[in-house]
Every structure is written in structure tokens, then in C-alpha cells.
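# Structural overview for review
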Amino acid sequence: MSGDRPTLPPVRLPSDAELARDALAVPLLARAVRLARWAGPGTRVGAGGELVEEQLPAAAEVLGLLGTESPEPTESDEALAAQARAEAEAEASEAWRVAVDTGLVEVEDPSGDAESADGAGGVDDGDEGDGTVSAGAALQLIASGSPQDVLSLWLDALDVVFADATAPVLEDLAGAIGDDGEIDLDALDWDPEAEAEFLEGVLGNLYLLTVGEGGTDPVPVPLPVLAASMIVPDDMGEPTDDVLEQVSDAMMRLDDQFALLEPIGLVTYVPVDEALMVDDAEADAVPSGDDEDVSRYGVVTLTPLGLHGIRSRMRDAGVEAPAVGDLADKGADALLDGIAHFPEPAARAETEQWLARREPAEAARELLAAAKGTDPGAPLRRLHCQQSLALVGVEAEPAVREVLDDAELGGLARVWLAELGAADVPPPSESMIFWLAIDTIAAQLDAEGEPLELQELVEGLVGQHSGFFDAAWRVDHPATADVLEAMGRLHRDRKAAKDARKAAFKARSRNGG
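Residues numbered from 1 in each chain as written. Predicted model: local features only at pLDDT ≥ 70, side-chain atom pairs only at ≥ 80, totals over all residues. Heavy atoms only, no water.

Moving on: the packing of aromatic side chains. Taken as a whole, this structure holds three aromatic pairs when the rule is applied. Ring plane angle 85° and centroid distance 5.4 Å describe the contact between phenylalanine 468 and phenylalanine 469, whose orientation is recorded as edge-to-face. Put simply, the rings of Phe434, Phe468 and Phe469 pair up and form one aromatic cluster. Stacked on the ring of phenylalanine 162, the Lys or Arg arginine 313 has its end atom at 4.2 Å from the ring centre. (Phe/Tyr/Trp six-rings, centres within 6.5 Å; stacked < 30°, edge-to-face > 60°. Lys NZ or Arg CZ within 6 Å of the ring centre and 35° of its normal.)

Take the packing of helix H9 (residues 192-211) against helix H12 (residues 304-316) next. Packing of H9 against H12 brings their axes to within 10 Å, and their N-to-C directions diverge by 120°. One finds that H9 runs oblique with respect to H12. Of the two elements, H9 crosses H12, and the hand of that crossing is left-handed. Contacts between H9 and H12 involve Glu200, Leu203, Tyr207, Thr210 and Val211 from the former and Leu307, Ile310, Arg311, Arg313 and Met314 from the latter. By residue class, the composition of the contact of H9 with H12 is six nonpolar, one polar and three charged. (Axes fitted to C-alpha atoms, helices over the stretch in contact; angles between N-to-C directions. Helix = DSSP H or I, 4+ residues; strand = E, 2+ residues; numbered from the N terminus. Parallel < 35°, antiparallel > 145°, perpendicular 65-115°, else oblique. Left-handed = near helix turned anticlockwise from the far one by under 90°. Contact = heavy atoms within 4.5 Å. Nonpolar A, V, L, I, M, F, W, Y, C, P; charged D, E, K, R; others polar.)

Here we take up the pairing of strand S5 (residues 299-302). Here S5 shows two buried faces, one formed by Val299 and Thr301 and the other by Val300 and Leu302. Summarising the sheet, strand S3 (residues 221-222) and S5 pair through two bridges and their orientation is antiparallel. Bridging across to S5, valine 221 finds its partner in valine 300. Two elements, strand S4 (residues 267-270) and S5, share four bridges in a ladder whose sense is antiparallel. Across the sheet, the residue bridging to valine 270 is valine 299, located in S5. (Buried < 20%, exposed > 50% of the residue type's maximum accessible area, 1.4 Å probe, protein only. Pairing = 2+ DSSP bridges.)

Moving on to the packing of helix H10 (residues 223-231) against helix H11 (residues 241-261). Look at H10 against H11: their axes get within 9 Å of each other, and the N-to-C directions meet at 120°. Compared by their axis directions, H10 and H11 come out oblique. Handedness of the H10/H11 crossing: right-handed. Only Val243, Gln246, Val247, Ala250, Met251, Leu254, Asp255 and Phe258 of H11 make contact with H10, whose side of the interface consists of Leu223, Pro224, Leu226, Ala227, Ala228 and Ile231. The residue inventory of the contact of H10 with H11, partitioned by class, reads 12 nonpolar, one polar and one charged.

Further remarks concern a negative patch on the surface. Together, Asp241, Asp242, Glu245 and Asp249 give the surface a local cluster of negative charge. Looking at the secondary structure, you find aspartate 242 in helix H11. Exposure remark for aspartate 242: the relative accessible area of 48% places this residue in the partly exposed category. (Patch = residues over 30% accessible without salt bridge, like charges linked within 9 Å, V, L, I, M, F, W, Y side chains within 5 Å. Areas by Shrake-Rupley, 256 points an atom, 1.4 Å probe, with all protein chains shown as cover. Salt bridge = Lys/Arg side-chain N within 4 Å of Asp/Glu carboxyl O. Lys, Arg positive; Asp, Glu negative; His and termini not counted. Charge placed at Lys NZ, Arg CZ, Asp CG, Glu CD.)

Counting 77 residues, the largest nonpolar core has Trp96, Leu104, Tyr207, Phe258 and Leu266 as its most contacted members. In terms of residue count, helix H6 (residues 147-165) provides more of this core than any other element does, 10 residues in total. The contacts of tyrosine 207, once residues within four sequence positions are left out, are Leu8, Val11, Leu302, Leu307, Ile310, Arg311, Met314, Ala321 and Pro322. (Core = buried A, V, L, I, M, F, W, Y, C linked by side-chain atoms within 4.5 Å.)

Take the sheet that holds S4 next. The three strands lie next to each other as S3-S5-S4, forming an open sheet whose pairing is antiparallel. The open sheet terminates on both sides in strands that have one partner only, identified here as S3 and S4. Where H9 meets the sheet, it contacts S3, S4 and S5, and its direction lies at approximately 70° from that of S5.

Encoded structure:
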């Protein structure tokens, strides 16, 4: 009976101002901003926009990435210090790349051409000449831009990191370098579009797992679960060894990718325990028992900022990804249709935001007017109208009393007034009782299919009214025949189920169906 339903449940996001504060606090963007403020005419960069190798120690120091060295270092200390310096300079190089590619700094090459936003590398590779550096337009947004400006900047930074996460791993690159020093892309066995599509799919599944739980509280997802969601077919019982090996390979790749995505604030991540990878013969990369500590295999949690980021990427790709608050400035018809298949907490939150912008009595009248109709979605609209009026409270009573004589809304109005405890509620006619019963079941069928609660409702209605089906097939409601057929499927008493099917046939015959 329902129309097209949203692809995804609605996400409940913090305000743009809160998300923008989160964005400015993420390590990678904060470092990029700090480097942009540090850089100036004296900053030396290569022709590709990258910091020259001699400049990296200063950049790492500005970021506070270099620790103090022991006054009398041993060989072991020196080795560890060298490794720490290399890691610090790599992090500084990555932050600089984000600064360039997001426009926080502007690089002009020796020929006088401004550096494009996709050419900055890590360190100088020997290209001729140094470029000049100046503050980029995006840097001003950090201090004076709107929250939306900051979030747009963060999304640009996310694009940079996403590209890094889907690039070939260094070990593969090393093996693909020919004698001439050029990279043989065919030898890499690397499909950039497939890599990007796979990671987008993983992030989409992570998003769905999070919003499916309400979209507000953190939802830790074990890495094996996430990898399996992309590899194991839904109809597969026990995964084959080949499928398990694919899941294991995907986990290892995702372990590297989430390590890159965490510093940009998309996720929080507990990496795979290195001890599991010491000897494949002793430990599988996929957990094999219920008693195992799954966290050892990696756990990823999408942050609120991550929810915003993935939602933005999905919407750019044309995916419908609603958020609570999207309907607050729209009419009651859009509200009731929009929340038709929202989970209950999200529907309530959306309605509360919608009501907050309106005067109660007028909001009630608008809801009641939008609830009318004979289209397939009308019963569910009326159900959500009744629930929305409960949030308005006693101030809706005058508007509700105005529709007591309305054929479509009169039953709803009486139920609502009775639940409010109002006095002088006129009793419904028998025809109104049966019409309301059909309308209510139609709404529940549209909302939930045929759950156990609906089965109990059906059996309760039939038990309360002797000869229910003799009267029900005559009800002038567009969904009468469909509802009676469903009652025939749902009722556990064989005679009642048979009576329901007969009544459905009469209803269709009556309407020429």
C-alpha cells in the first residue's frame, strides 16, 4: 500500500555549529591550519607544491611532533629517534598536502602559475625550482567563516584523505617501479574506481549500521562484521574458505584505510592487534569463536562528524539520506508523508522540530487538513497525525473538535479526545467505528507489514464485534478489500480467516474489482 520509501533511515545530527567545532578540532585539519599560519614567503616548496625535504623538520617542530632526544643516546635510542623523526615528518608532509589541496595555502610555481588543488605531494622529488607560498582564501574561513564554510572545508580535507586511503599501498608501488623509474600501473593490479567504490560501500554500510540504531549514540562495529558485509552474500549460510580469505584480505586493507581516516575525524578506530598478524599459521585474521575478544580484530565507530561527512558524500552521489530537521520548514503534508516510515524516535524528533516553529492551534489545523485523502498513503498519514496531535496537547482540542463530523477524521478525533480525557465527546456511529477499524489496520499494514502486534489487533477487533466481517465488507474505504485479505492471512482461527477472505471477495465485487 505504501509508496516509495526512503533508502536510508533519517540521521540525527548535532547542529552545524557543533559539527564545525568538531571539524576544527580534528588532528589533521588542525595541523593543516597551523602549517598554513606558519607558512610564508620564506617557506620552500617544490614545483608540485610539496615542502622540500629540508623544510620538513621545521614543519614537524611547528606541529609539536618532534620529541626531545636523550643527552647521551645509545645506538638503539638513535634508531628509535630516527624512526620517530621520519614518522613526524611524514605527518607534517600529509598535513601540508591537506593545507594545499583545501586552499588553506596557495602555492605559485616558478613559472608564475598558481598551484592547483590536486598536485601537492609529500616531499621534494627534485623538480626544478622552488615555488612561493601565501595564505589561501580558505584560511580566512577558519576565523570568520560560517559553520557551513568550515564544514565545506572539512569535506574538502576528507576528499584528500579518501584519495590517500584508496591509493596503492607502498609495498605494491615498490614492486611496480620499472628499471626506468616509472610506475607500471598495469603491474599494480589496482583499479582506482573499484577501490573507491569498495571503500564508499564500506562507509555506506557503517553509516547504515549507525543510523539503524538511532543515529545519535556511537555504534562500535567490529571490523570483521564490516568486511563481511561487503564480501559474504546475504543468502550464504556457512562461508567457504575462499570467502573467509577474501574477508581476511579486506580486513587488512580496511585496517590501513581506517588508520588514515581516523585523523580527519571520520571515525574512531581500534586497529587490528599486531600479534594476530605475526604468524598466519597460529592466528586467523577472522575470529573463529564466540568467546574471542572481537576488539582484537579491529573496531570502528563513526563519529557525528563522520555521519555528516558520509551523508554529504552519499547525497552528492544522488542517494536519498534524510536527516531529522529536513522537514521543519515544510508543510504538514510533507511532514506526514516524510515521517511515514521513520523509526519512532526519529519521527517524534522530526515532529517536535516542526511544531516548535508553529503556533499550536494552527499547527493542529494544518495537520488535520493534511491527513485527509483517499490515496494509499492516507491511512498512515492519519495515524501520524494523531500521534503528532498528542505532542501538541490540549491546545489542539478546538481544532480537533472542528472535525468531529468529518467522515475521514471524525473517528480519529474521537479517539484523540478520549485519550486526552476531554468531556462531551459524542459517541461514534457504527459505520464510523468500522471505517476507523479499516483505516487503522491499513495504516499499520503500511507502516509495519504484518507483525505480531497487528495480528493481536486483528483478532481483538474481530472478537469485540460479533459479525465483524458481515459489516466490514460494506465499509466505503479504498483499502477495505486489501485489509480484509490481510486479516484473512493474519487471523489464527481458521473459520475467522475464511470469513475474512469471503468478505474481501464481496468488497471487491461490490466495487467492481
